[in-house]
Every structure is written in structure tokens, then in C-alpha cells.
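# Summary of the model geometry
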Amino acid sequence: MACPLLFWLLFTVLATPSQGDHLGPAPRLRYSRFLDASNAVFLRWDFDFEAEIITFELQVRTAGWVGLGVTNHYSRAGGDLVVGGVSPDGNVYFSDQHLVDEDTLEEDGSQDAELQGLTEDAVYTTMRFSRPFRSCDPHDQDITSDTVRVLAAYGLDDTPKIDRERTFVKSIFLLQIVHPDDLDAPEDTIIHDLEITDFLIPEDDTTYACTFLPLPIVSKKHHIYKFEPKLVQHNETIVHHILVYACGNASTLPTGISDCYGADPAFSLCSQVIVGWAVGGASYQFPDDVGISIGTPLDPQWIRLEIHYSNFHNLPGLYDSSGIRVYYTAHLRKFDMGILQLGVFTFPIHFIPPSAESFRSYGLCKTEKFEEMNRAPVPDIQVFGYLLHTHLAGRALQAVQYRNGTQLRVICKDDAYDFNLQETRDLPYRVVIKPGDELLVECRYQTLDRDSLTFGGPSTINEMCLVFLFYYPRNNVSSCQGYPDIIYVAHELGEEVSDSMEGMMAMSNVEWTPESIKKAENACKEAQQTVIIKTIDELVENTTGWIRDINPTPRGPCLESSGGKVESQDKTPAGFRAAPGVLSGSSSATLRCLPLATLLFGQGALSWLLATLQAGI
């Protein structure tokens, strides 16, 4: 009796179809995102920052091939794409490829992606693989701490061919150091909304709406530890950014809602940013040892809420009640945090020529006056996070630190900046800024689609060059920004001017060619900078300085391939390493080549079969 039963059970196991290399227990991938509007393409990922290896798992609603890779902002051509699938006979294919042009795939000479699993069921094809941050293959794009344009594609059959309707590019910050699940959520959390109420959005391209609101009234010190945008449905595409500014307690504040930078200057009072959100961002939770202090005599009691609306289609009748939701607790953190605003002072002396492939602007900060303006000793500034901000022409930003005239480090950067993904990001380590250090912000722009000058200003069609540094312990300095001597710049461009207004107007007289664009960029870098330092109490001090050279960040060493191509006829794919506890065969055909006892033992089934038979005898 036992032998026929055993034979029947073994036959049943063998007859069960095995579609591809099945995923066994595998480490949880902490991050995830849908890559398409219909939620058919879902990506999970995680990384080992020390080993510089990233793991992806792509799940697509298809029975055909799937692909995942990285491309640049403007074209799929040159992008890399790891392609895989399960053929109708259950065998797996997998290879590292790249796009020769917008539509043509070609296999890489070096196979740098390592397959960890490929399955297909009645609904999804799921591919899991790892790859180095930087491979030695020139066809592979680097995975960096910049914004990454993730490229995904799929087909309805097993012939990899690019179909533009099934190809998607999404900007993602892949190397997010801190996951929200890793942070504490106090049990006594209180939620408070800072919002505009039923504001009628004007039928204008750009509106800055401001109102003044009280912070939560508490009887003792509390810490705000998290914030998130509070957006009204259907208005998400119109709200460009939301800023919360702390007001000095001596300020006399207006009531109502008005233009932040209009006829009434009172609505532009309060300049120390304590919370900032911009398009593409999400919630942000501070590290467990820092928070925004409220409830003490030194803390602000009121804030200015600023909402920038971009109503490019001039839609009428839109009401908005957007704002910022803050989470606060009586469980105090170790440090009170602040935000320091750096960059180019936002006004029309900041200009960007038209038709520029690349144009760099610079804003200098000198911290030597911080102690004088703070009216108390300023301890070392410990930076833990940042937010970068330009408008539509921005392509890259970086903040650089100098000490005693020597470049110390690049604090933060994004060489692939995306206007539609502006979020607060954590640094991989905390950066120390000492009194006397110089901080330089460089912004790179592209204006090939513009035939007239772009000036610094609040509108989305104007430009900004800003970096917000999240730091502790808090001091009273709210911003430290610079701008070039526009008279010197105009003279270098052959324009005779005698004051800054004439210098600004003279930029419209320049014939902008690649040569004059480069000359203007050099002149802006060589010109003396005026540095404007401002405190929460609206005290302003000016100083001057010069732009130092920025040493480029070298590309780290590349990692040689440890992956391997898998073809459907392969029995033991070269370079393939299965996840722990998973058989390394590439297909059901490979599994059938194993001895039955070995197969069942490896799947944990033999002991179950024997126990079942013994119990029944």
C-alpha cells in the first residue's frame, strides 16, 4: 500500500507545473512605488549602502517579458534595461541590456545584473535581481544619491521589444537612508493642521497666498517631530509649494489672507522657515533625537503660512484649504532643530540667459557673522537633512563647504534634479559646520526652450536657487544668501552701466550666443558676492566674499560583474546565485533532472511524505 501511495504522491509533485524560478523566503524590500498611472507596474527595492549593492523586485500585470533599468531625463536612448521573463514552456530568460535608441534594445557585453528569482502566475510576472551601484559596464547607468529616473517596460509576449505605451519613466530617490518604519512614533502624538480656509485661487499663472496662524497652545515644552502636506483633492497639480515661517514674538502681524509679496509688506514678515514642502514631496519625520520646539518663551507662537499656486490654465472657481499637518509630542527629543536657507538671493539681479545648454549660478554664505547676529555663542551646526529647490529650468544643485579657504566636502547635491520631485532628504551622515565656514550653493540651469532672459523671482516661470539645511541645535539665523556684483558682470559683457538697476536692464541688450553665455557665467563667478544674513527677528547684515572653485566629486570605483545572463535553454545559469534556501535551477526542466529524493528533500517534502505514510500504516 505504501509504495503505490508514495509513487502517486511523487507523480503528483512532478506533474505540478513550475513556471520559472520560484522565489523562496527572501529578505523584505523596504521601499516600494507604482511606476504607472494604472498601477499595473509595481517596484520594490532595498540596498546595502556599505556593499553598494541594490536589489529590485519588479511585478507587472502581464504574462510577457518585463524590464527595469535607469535612464536620463530627456531620452530613453542610452538607458540600461534588465530584461527577463518566463517562456511558455516554463523556462526562464534574463539578461542585462541597453537602449541603442528610443526603441531598440541591445544586449550588454558585460552582464552585471544578478538574478534572484523570476516567476509567472495567472496575473503577474515578477522579476527580482541585484546590481552594483556602479558597474564597470559603460552601458550601465550609476545608482547614486541623486534623483534617479527609473525606466520600466513590459510586453504581452516573450519577445522583448519596446512599446512606448508600455514604457514608463519615474523619478525616484532610491537611496533613501532612513525608512519611516525605523523611526519612533510617540504614543501621545497630537495632530495640528496649519491651513488656509476656503481660499479662492485667482485665475493667474502664479499666486503667493499668505496668512498668519497660531502654533498649538501648550502649557509646557513639546516637540514637532513630523509634518506632511494637507492637499485638497483635485488641487494637487496647482499647489507648487507650502512653507511655514516662524514669526518673532515681537512682530505685529496682519489678519486675513493676502498676496505674500504684494502691496502690503506686512504679509512678507517672518523669514525663518521651520517646515517646507514642494511638489512631489511626501511626509517627513525628523530623526529620533531632534524636533521643532514649541511651548517655551523662546519659541515662536505664530507662523506665516505661504502657499504658492501655479494656475497655468487660469481655471476659475477653484477653492482651496491646503496646508501642513504637524505631529507633536510631550516626549522631548535631545535637540531643538532649525532650518538654514542658503542660495542665491531671489530677485532680478539673478538672471539666466536664453538658449543655454548649461548655465551656473552661485550664492555664497559666510558664517563668520552668525555669532554676532545671534547675540550669543553659536555652537557647531549639525546638519542631518536638506531640501533643494529651483523652478522649471533647474537641472542640478549642490551645496559645498569650505574651511580656512579649502573645500571640505559637498554637503548635498542632485545632478539629476527633477522639478516634480522636491522632497526633504536625509544625509547618510551628519555634517558639522563650524563658525567661520563658508557655504556655497551652485545651481545649473538649461534654457534651450526659452528665447528671452529668465530672472530670479517668485513665479514658476522665474527662477530660484535655494538649499534648505535641516540642522541642530537651533540658532536665530534664518537665511544666508548671496548674489553677484551685476555692474561687474555687465562691464565684462561690454555694457556701460553705473548702478545695479542699469546692470540688470543691460542684460536684455546682450546678444546671447554660446560664447556670451559662457562669458556671463564666468563673470558671475568672478564677481564679488554680496552676502545677506537674516535672523528670525528680521535683523539683516551684509558682508562680501568671493566664489571659490568647486572640486568635482570623483566617481567611486566600479564593481566587476558577479551576475550572469540566463537563457531559456540554460540548465545552470552562469553567475547565478540563488537566494538562501532557494534552489538555483533556472526552470522546471532543470528541477526534473534532479533525483526525486534530492528534489523532495530540498523542498522539505520528503519528511512530510514519510511522516504521512507512517501515520497511515
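Since the model is a prediction, treat every value here as computed from it, not as a measurement.

### Considerations on the pairing of strand β10 (residues 125-132)
Taken across its eight residues, β10 has eight buried, putting it largely inside the fold. Across eight bridges, strand β4 (residues 53-60) lies against β10 in antiparallel orientation. Each bridged residue has a counterpart across the sheet, and for Ile-54 the counterpart in β10 is Arg-131. In this sheet, β10 lies alongside strand β9 (residues 114-120) in antiparallel orientation, the contact comprising six bridges. Bridging across to β10, Leu-118 finds its partner in Met-127. In this structure, the hairpin formed by β9 and β10 is closed by a connection of four residues.

### Digging into the pattern of salt bridges
The final tally for this structure, using the stated rule, is 31 salt bridges. A salt bridge links Asp-380 to Lys-434; its shortest N-O distance comes to 2.8 Å. Highlighted residues: Asp-380 in the loop between α2 (370-374) and β29 (381-389) and Lys-434 in the loop between β32 (425-433) and β33 (438-445), separated in sequence by 54 residues. You can call Lys-434 partly exposed: its relative accessible area is 34%. One salt bridge connects Lys-518 with Glu-521, and the closest N-O pair in it is separated by 2.9 Å. Remark: Glu-521 and Lys-518 occur in helix α5 (residues 514-526); sequence separation between them is three residues, near one turn of the helix. The exposure class assigned to Lys-518 is partly exposed, which follows from its relative accessible area of 45%.

### Structural notes on the pairing of strand β37 (residues 529-535)
For a regular strand, side-chain orientation follows a simple rule: the groups alternate between the two sheet faces. Counted residue by residue, β37 has six buried out of seven residues, so it is predominantly covered. As paired elements, strand β36 (residues 477-484) and β37 share seven bridges and run antiparallel to each other. The residue bridging Val-477 from the neighbouring strand is Thr-535, located in β37. Taken together, the six bridges between β37 and strand β38 (residues 540-545) define a ladder with antiparallel strand orientation. Directly across from Ile-533, in β38, lies its bridge partner Glu-541.

### As for the confidence of the model for the chain
Regions with low pLDDT carry predicted coordinates that are not meant to be interpreted in detail. Considering every residue of the chain, the mean pLDDT works out to 87; 87% of them sit at 70 or more. Across residues 571-617, confidence stays below pLDDT 50; counting only partners more than four residues off in sequence or on other chains, it has 64 contacts.

### Digging into α5
Along its 13 residues, α5 runs 18 Å from first to last C-alpha, staying within 8% of the 18 Å computed at 1.5 Å per residue. Within α5, burial applies to Ser-516, Ile-517, Ala-520, Glu-521, Ala-523 and Cys-524. One side of α5 holds all its buried residues, which, seen down the axis, span an arc of 165°. Away from its buried face, by an angle of more than 90 degrees, α5 presents the exposed residues Pro-514 and Glu-515.

Cut-offs and rules
- Residues numbered from 1 in each chain as written.
- Predicted model: local features only at pLDDT ≥ 70, side-chain atom pairs only at ≥ 80, totals over all residues.
- Heavy atoms only, no water.
- Buried < 20%, exposed > 50% of the residue type's maximum accessible area, 1.4 Å probe, protein only.
- Helix = DSSP H or I, 4+ residues; strand = E, 2+ residues; numbered from the N terminus.
- Pairing = 2+ DSSP bridges.
- Salt bridge = Lys/Arg side-chain N within 4 Å of Asp/Glu carboxyl O.
- pLDDT = per-residue confidence, 0-100.
- Contact = heavy atoms within 4.5 Å.
- Expected span 1.5 Å × (residues − 1).
- Arc of directions from axis to C-beta.

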